[in-house]
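Structural features, examined
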Amino acid sequence: MQHDIALFSQLCDVLFKSETEQPVAYPIPTSKLYKEIDLSLNPKGVIEENLINILHDIVKSTPKTASKSFFNQLFGGRIGKATLGDLLAVMLNNSMYTYKVAGPQVGIEKQVIENICKLAGYAENSDGTVAPGGSMSNMMALIMARDAISPSVRTAGLTKPMTLYTSKESHYSISKNAALTGIGRDNVRLVRTNSKGEMSAKHLEELIQNDSENGYQPFFVNATAGTTVIGAFDDTEAISEVCNKNKVWLHVDGAYCGGVIFSKTHKHLIRGLEYSDSFSINAHKMLGTPLSCSIIVTQHKAQLHHSFSNEADYLYQTDGDDFNLGKTSLQCGRRNDALKIWTLWKSVGTNGLEEIVDKQFEMAEIARNYIKNNEDYNIYSFDDSISVCFNYKGVDAKELCTALYENSELMVGFGKFNNQEFIRMVTINSLLEKEDILAFFSTLEAFVANKMLKVFNS
Ligand SMILES: *Cc1c(COP(=O)(O)O)cnc(C)c1O
């Protein structure tokens, strides 16, 4: 093992070097992948020297999500202490279902959950768990809402059509989860949004009342804190009033930007969160931990237990339910995703997490100001968002993003809002500085001037 740790350390050096020298790996066309790197699995193993060479190749040609040129997704960068926590979790290799097997790791997860409940403004006696990702956190919320309104669903299945409500800008997992949980995609009502992509509470109320009158059982509203493309925040406060009046469960999907609960400056974006029934946050997005680290909390501790517990004598042999976390989780065996956020949180404090979140908004503002002060650009996103959406000199967003990637220049994606396609630069890597943001634009501009326009003109 010691030998493999040394090898790991050596591979990290290769990675660090390649992140600076070649921040965007040249993509290998899928048709050539198996010819360029030996990924084959064979009856006989390879000698160590070959294995090391292959691992070097893999490290060098894998997309560098921690580099300064990665703006492609809702995660990126690498914060040392969070990565340290995750590496330690791998070495310890516990399963989070029982105190007997996970020991203090259970307390670590409970501390993370308790403190997120507090920051969300949730009442004492709230609880939560760590799910395999934001999509699964949303599914757990949906299941709790379904079981809360119709406890017999757990035994008899659905007997009356149930409807749920979400905006058309929300994450696709909401509809997917409706299909997975027997609710049905046809029973997902898409609520209209305003010009900034925020859900209309008025339209929500109309839809709920219409369904109630027509024999459906409205049971779940999903509000989003940071929509996936444009980063809009639904008005949780207004939506919570509609939910309260109509006795419908309110979930706030904060997978992308739920991290604002850590920021005194940006917390107002999620005003009314304390009136929600459940809330999810992906620490691997705004809080900068490695994938995956998704936390779901709820004010209905008993419901979490009702929906997810199962008796299992072979497993639960010591300690009480409060310390046997398998009683509230989706999985049975479960990797320790709490240690990475705990290690980071412990080392920088709640104030340090606030700085991490604030930094992303600062970088987004720098990017927006650059765009607004340069008439070759058009901007499509709004303030209070770390998704910076724009087009440059009328160049097709999709073509430009693809060309930047294929030429090993930048990793950035494109998106669509209100029928307008644009480049979406996400400033979620809190380790970046102003000069890195400006370098992004100068790289893009030089590329268009030297490569794209020539191609277009020829
Ligand atoms: C990323 C995201 C999700 C899904 O989270 P995963 O961890 O990728 O499953 C859900 N909702 C929103 C708003 C997201 O941005």
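Just above sits the structure.
Here the residue index of a chain counts from 1 through its sequence in written order. pLDDT decides what is reported in this predicted model: residues at 70 or higher carry local features, side-chain atom pairs at 80 or more are listed and counted, and totals for whole chains, interfaces and linings draw on all residues regardless. To obtain the side-chain values, all non-hydrogen atoms of the structure were used and water was disregarded.

So, about the pattern of salt bridges. Note on definitions: salt bridges are taken to be side-chain nitrogens of Lys or Arg within 4 Å of carboxyl oxygens of Asp or Glu. With the rule as written, the count across this model stands at 21 salt bridges. One salt bridge in this structure joins Lys68 and Asp436, with 3.5 Å as the shortest N-O distance. A residue pair is termed long-range when its members are at least 10 positions apart, and Lys68 in the loop between α3 (48–61) and α4 (80–92) and Asp436 in helix α15 (residues 434–457) qualify at 368 residues. The salt bridge partner of Glu169 is Lys168, with a shortest N-O separation of 3.5 Å. A run of H or I in DSSP becomes a helix once it reaches four residues, and a run of E becomes a strand once it reaches two; helices and strands are each numbered from the N terminus.

Another aspect to go through is the sheet that holds strand β8 (residues 377–379). Two strands qualify as a pair provided DSSP detects at least 2 bridges between them. The strand order across the open sheet formed by four strands is β8-β9-β11-β10, and the pairing between neighbours is antiparallel. A single partner strand is all that each edge strand has here, and the edge strands are β8 and β10 (413–417). Taking each pair of neighbouring strands and ignoring which way they run, the sheet shows an average axis angle of 45 degrees. When β10 meets strand β11 (residues 420–426), the two strands line up antiparallel, connected through five bridges. Axis geometry follows a simple rule: fit a line to the C-alpha atoms, using only the stretch in contact for helices, then measure angles between N-to-C directions, giving values from 0 to 180 degrees.

All right, on to the pairing of strand β6 (residues 278–282) then. The buried label applies to any residue whose accessible area, calculated with a 1.4 Å probe on protein chains only, is under 20% of its type's maximum; exposed applies above 50%, and partly exposed to all values in between. For β6, a buried count of five out of five residues is recorded, marking the element as mostly surrounded by other parts of the structure. Sheet topology places strand β5 (residues 249–254) next to β6; four bridges connect them, and they run parallel. Bridge pairing in β6 links Val252 to Phe279.

Take the site of the ligand next. Near is defined per residue: the residue qualifies when any heavy atom it owns lies within 4 Å of the molecule or strand. As a structural note, the neighbourhood of the ligand is formed by 15 residues, with Gly134, Ser135, Asp253, Asn282 and Lys285 the closest of them. Side-chain atoms alone can form a polar contact between residues adjacent in sequence; in general such a contact is a pair of N or O atoms within 3.5 Å, and within protein one must be able to donate a hydrogen while the other accepts it. One nitrogen or oxygen atom from the main chain of Gly134 is found 2.7 Å from an oxygen atom belonging to the ligand. Take Ser135: an N or O atom from its side chain is 2.8 Å from an oxygen atom of the ligand. Throughout, the Shrake-Rupley method with a 1.4 Å probe supplies accessible areas, and for residues the shown protein chains are the sole cover considered. A total of 380 Å² of accessible area belongs to the ligand in isolation, and the protein chains cover 84% of it. Lys, Arg, Asp and Glu make up the charged group, whereas Ala, Val, Leu, Ile, Met, Phe, Trp, Tyr, Cys and Pro make up the nonpolar group; the residues left over, Gly among them, are polar. Looking at the shell around the ligand residue by residue, the classes come out as three nonpolar, ten polar and two charged.

As a further point, take the side chain of Ser95. Mapped onto the fold, Ser95 is located in the loop between α4 and α5 (99–102). At 3.1 Å, the side chain of Ser95 and the backbone nitrogen of Arg334 are in polar contact. The contact criterion used throughout is that any non-hydrogen atoms of two residues lie within 4.5 Å. The contacts of Ser95, once residues within four sequence positions are left out, are Val101, Ala102, Cys332, Gly333 and Arg334.

Here we come to the sheet that holds strand β4 (residues 217–224). Hydrogen bonds between backbone groups are what pair the strands of a sheet, and the pairing can be parallel or antiparallel. In space, the seven strands of this open sheet follow the order β1-β7-β6-β5-β4-β2-β3, with mixed pairing throughout. Among the strands making up the open sheet, the edge pair consists of β1 (127–131) and β3 (188–191). If you compare each strand with its neighbour and ignore which way they point, the axes differ by 20 degrees on average. Here strand β2 (residues 162–167) runs beside β4; their pairing, made up of five bridges, is parallel. Across the sheet, Leu164 pairs through a bridge with Phe220, a residue of β4.

This part is about helix α9 (residues 173–180). All buried positions along α9 are accounted for by Ser173, Ile174, Asn177 and Ala178. The arc that holds every buried residue of α9, seen down its axis, measures 145 degrees, which confines them to one face. Where α9 ends, the next residue or the one after it, Gly182, has phi of about 85 degrees, a positive value. This arc is taken over the directions from the axis of the helix to the C-beta atoms.

A cluster of nonpolar side chains, contributed by Met1, Ile5, Leu88, Met91 and Leu92, occupies part of the molecular surface with about 490 Å² of accessible area. For the nonpolar patch, the element with the most residues is α4, which contributes three residues. Within the secondary structure, Leu92 is located in helix α4. Residue Leu92 is classed as partly exposed on the basis of its relative accessible area of 43%. Like-charged residues within 9 Å of one another, or nonpolar side chains (Val, Leu, Ile, Met, Phe, Trp, Tyr) within 5 Å, are grouped into patches, provided each residue has over 30% relative accessible area and no salt bridge.

Turning our attention to the packing of aromatic side chains. Two rings from Phe, Tyr or Trp (for Trp, the six-membered ring) form a pair when their centres are within 6.5 Å of each other. A pair whose planes differ by under 30 degrees is stacked, one over 60 is edge-to-face, and the rest are tilted. Counted under the stated rule, the structure contains 14 aromatic pairs. Relative to Tyr392, the ring of Tyr377 lies with its centre 4.7 Å away and its plane at 45 degrees, an arrangement referred to as tilted. Placement of the pair is Tyr377 in strand β8 and Tyr392 in strand β9 (residues 387–392), with a sequence separation of 15 residues. Side by side, Tyr377 and Tyr392 carry an identical accessibility label, which is buried. An aromatic cluster is defined as three or more aromatic residues linked by ring pairs; in this entry it consists of Phe71, Tyr370, Tyr377, Phe390, Tyr392, Phe440 and Phe441. The lysine or arginine in question, Lys110, covers the ring of Phe323, its NZ or CZ lying 4.6 Å from the ring centre. In this analysis the charged atom, NZ for Lys or CZ for Arg, is taken to sit over a ring once it is within 6 Å of the ring centre and within 35 degrees of the ring normal. Here Lys327 stacks its cationic end above the ring of Tyr316, 4.6 Å away from the centre of that ring.

Let us look at helix α1 (residues 2–21). Taking 1.5 Å of rise per residue, the 20 residues of α1 would be expected to cover 28 Å, and the 29 Å separating its terminal C-alpha atoms lies within 8% of that figure. Turning to α1, its buried residues are Leu7, Leu11, Cys12, Val14, Ser18 and Glu19. Take α1 and look down its axis: the buried residues cluster within an arc of 165 degrees, on one side only. Turned more than 90 degrees from where α1 packs its buried face, Gln2, Lys17, Thr20 and Glu21 sit exposed. Where the residues of α1 are buried, they touch α3. A helix is expected to span 1.5 Å for every residue after the first.

The analysis is restricted to geometry; functional conclusions fall outside its scope.
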